[in-house]
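Survey of secondary and tertiary structure
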Amino acid sequence: MKVIKFGGSSLADAVQIRKVCDIIISDPERRVVVVSAPGKGVNDPVKVTDMLISAASAALENGTEAGLAAMETVIERYASIARDLGVDHVMAEIAPDFRARMELDRSLPTKFTDAVKAAGEDNSARLTAAYLCKLGCNAKYVNPGDAGMYLSDDFGNAQILPKSYELLNKNLSGMEGIIVFPGFFGRTEAGETVTFPRGGSDITGAILAAALNVDVYENFTDVDYVYSANPHHVENPRPIPVVTYREMRELSYAGFNVYQEEALLPVYRVGIPVNIRNANNPSCPGTLIVPERNSEIHEDVRVAGVACDKGFTSVYVNKYLMNREIGFGRKLLEMFEDEGVSYEHTPTGIDDLTIIARSHYLENGVLDRITARIRSELGTDDVQIHDGLSLIVVVGEGMKHAVGIAAKATTALSEAGINISMISQGSSEVSMIFAVDTADAIRGVQALYNALLA
């Protein structure tokens, strides 16, 4: 058995859904299908999820009638796809479902919005199942809550509850035919609809793959491979045929948007490979995400990729004899914790320590309050703020087996005239991180790619 997931671009219109269903029926092992809501299509410039959020906002701000008026545009989009696929009858289920969600209680806006957002995936699954049945398949729509997909009640940011894995295995493993399962949402223990963060259909697919202990989780998107650099930054970057979980996690952290990084966790824990593939080019083998590389691959692949992400701020703290002051680092980090700020990196010296955090956590006076406390409570000699930073990450499990990677990287940045504000390398040696001014970030990626991968 395989779990196979399709993103919104793969389900944007009837043409794409036909491609998706051809892919499904081409392999009898593809028995659990996770679908997203329709994304942007040739004639549809807006994602359905965004349309649903707008409809929910209209209802919250101006009442049920305003929400229903906005929802009619969504219903017509599904009706158009259904007509093109020749499954008009399914609209007898889909249209009333969309409209009913506008009548739900709005006293808790986040709960109401989650119920509306989830309708995109829910009805995409009904539509896909109907077309598979038309093709002669034994296909069945399955509601996540009914199947045992129980989530926390953090509306818009739900987490899987541990008991779900056993329930999903029990309820799905004995089903015959093709299971069409909506991504992105589940049910709280109180029976409310709740969603994962955006991109949550990847998480749904990974949870099902882990629950059913499948051989592979196939994640179809709109690119042939995960590439060793962003194609918008580097021309014709090298494709990555095999990447480890840890490498993919590092690349996702640094801005690779091919795969939702949180979605690796369920399959990572049980060691199930993930195959990233292109729904528009299904003959391409794509990128395989695996638990670990074998020794032969280690020798051949030093660096897997180079990525960058912007929007970071560094808080530099200096105090003479800091290293002898027990508890200094804990006190400093508690100041960030008290403001709800998570840190990304903490490079240190004997008498200095730098905290790097995402800039958006430090807005609305947060940074001013933290720095005031640092000066007043820690007796520091100096505190400096450097914002407008980007982090460039060089990733590769094979780097720990190679000599001179760091020297090549720093030389490449130096020759490009790029000043390095911070260098960090963890003990695992899976990645090296360079903090640079955002204005230099793309040139830095290009310089590192040319030095290490070209």
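Heads up: the structure comes first, above all this text.
Structural notes, computed from the coordinates. (Residues numbered from 1 in each chain as written. Predicted model: local features only at pLDDT ≥ 70, side-chain atom pairs only at ≥ 80, totals over all residues. Heavy atoms only, no water.)

Focus: the sheet that holds strand β10 (residues 242-244)
To keep it simple, the criterion reads: A pair of strands is labelled paired if DSSP reports no fewer than 2 bridges between them. Only DSSP runs of H or I with at least four residues qualify as helices, and only runs of E with at least two residues qualify as strands; both kinds are numbered from the N terminus onward. For helices, the axis comes from a line fit to the C-alpha atoms of the stretch in contact; other axes are also lines fit to C-alpha atoms, and the angle between any two N-to-C directions lies between 0 and 180 degrees. Residues count as neighbours in contact if any of their non-hydrogen atoms are within 4.5 Å of one another.
Read from one edge of the open sheet, 8 strands run β3-β4-β2-β1-β7-β11-β12-β10, paired in mixed fashion. Because the sheet does not close on itself, it has two edges, and the strands there are β3 (139-141) and β10. Averaged over neighbouring strand pairs, the angle between their axes works out to 20 degrees when direction is ignored. Pairing of β3 with strand β4 (residues 178-182), which is carried by 3 bridges, proceeds in the parallel orientation. From the neighbouring strand, Lys-140 faces β4, where its bridge partner is Ile-179. Running at roughly 170 degrees to strand β1 (residues 2-6), helix α1 (residues 14-25) makes contact with β1, β2 (30-35), β4 and β7 (217-221) of the sheet.

Here's the deal with the packing of aromatic side chains
How we decide: Pairing of aromatic rings covers Phe, Tyr and Trp, the last through its six-membered ring, and needs centres within 6.5 Å; plane angles under 30 degrees mean stacked, over 60 mean edge-to-face, and all others mean tilted. A positively charged side chain is recorded as over a ring if its NZ (Lys) or CZ (Arg) lies within 6 Å of the ring centre. The angle to the ring normal must also be within 35 degrees.
For the structure shown, the criterion picks out 4 aromatic pairs. Measuring from ring centre to ring centre gives 5.5 Å for Tyr-245 and Tyr-268, while their planes differ by 80 degrees; the resulting arrangement is edge-to-face. Residue Tyr-245 is found in helix α10 (residues 245-253), and its partner Tyr-268 is found in helix α11 (residues 264-270); the two are separated by 23 residues along the sequence. Just above the ring of Tyr-150 sits the side chain of Lys-163; from NZ or CZ to the centre is 4.6 Å.

Brief notes about helix α6 (residues 119-134)
Given 3.6 residues per turn, any residue in an α-helix points the same way as the ones three and four places further on. The condition that has to hold: Every helix has an expected span of 1.5 Å times one less than the residues it contains. For the exposure calls, accessible area comes from a 1.4 Å probe over protein chains only, and a residue counts as buried if that area is under 20% of its type's maximum, exposed if over 50%, partly exposed in between.
Relative to the 22 Å expected for 16 residues at 1.5 Å per residue, α6 spans 23 Å between its end C-alpha atoms, a close match to the ideal helical length. The buried count for α6 comes to 14 of 16 residues, which makes it a mostly enclosed element. At the exit of α6 stands Gly-136, carrying a positive phi of roughly 95 degrees.

Some remarks on the packing of helix α8 (residues 163-172) against helix α9 (residues 200-212)
We count it as follows: Oblique is the label for every angle not falling under 35 degrees (roughly parallel), over 145 degrees (roughly antiparallel), or within 65 to 115 degrees (roughly perpendicular).
At their nearest, the axes of α8 and α9 sit 8 Å apart, and the two run at 75 degrees to each other. In terms of their interaxial angle, α8 and α9 are classed as roughly perpendicular. Contacts between α8 and α9 involve Tyr-165, Leu-168, Asn-169 and Leu-172 from the former and Ile-207, Leu-208, Ala-210, Ala-211 and Leu-212 from the latter.

As for the sheet that holds strand β18 (residues 431-437)
Reading across the sheet, the 6 strands line up as β14-β15-β13-β16-β18-β17 and stay open at both edges, with antiparallel pairing between neighbours. Every other strand in the sheet has two partners, leaving β14 (343-345) and β17 (422-425) as the edge strands with one partner each. The mean inter-strand angle of the sheet, taken between neighbouring strand axes irrespective of direction, is 40 degrees. With 7 bridges connecting them, strand β13 (residues 305-318) and strand β15 (residues 352-358) associate as antiparallel partners. By the bridge assignment, Phe-312 is partnered in β15 with Arg-358. Docked against the sheet, helix α13 (residues 328-338) engages β13, β14 and β15, running at close to 25 degrees with respect to β15.

Let's talk about the pattern of salt bridges
Where we set the bar: The rule for a salt bridge is simple: a side-chain nitrogen of Lys or Arg has to be within 4 Å of a carboxyl oxygen of Asp or Glu.
Tallied over the full model, the rule gives 26 salt bridges. One salt bridge in this structure joins Glu-218 and Arg-277, with 3.2 Å as the shortest N-O distance. Taken together, the residues span a long stretch of sequence, with Glu-218 in strand β7 and Arg-277 in strand β11 (residues 274-278) at a distance of 59 residues. In this pair, the class of Glu-218 matches that of Arg-277, namely buried. The salt bridge partner of Glu-377 is Arg-373, with a shortest N-O separation of 2.9 Å. Placement of both Glu-377 and Arg-373 in helix α14 (residues 366-378) is noted, with a separation of 4 residues, approximately one turn of the helix. By relative accessible area, Arg-373 is classed as partly exposed at 28%. Among the charged side chains, a salt-bridge network with shared partners connects Lys-2, Asp-27, Arg-30, Glu-218 and Arg-277.

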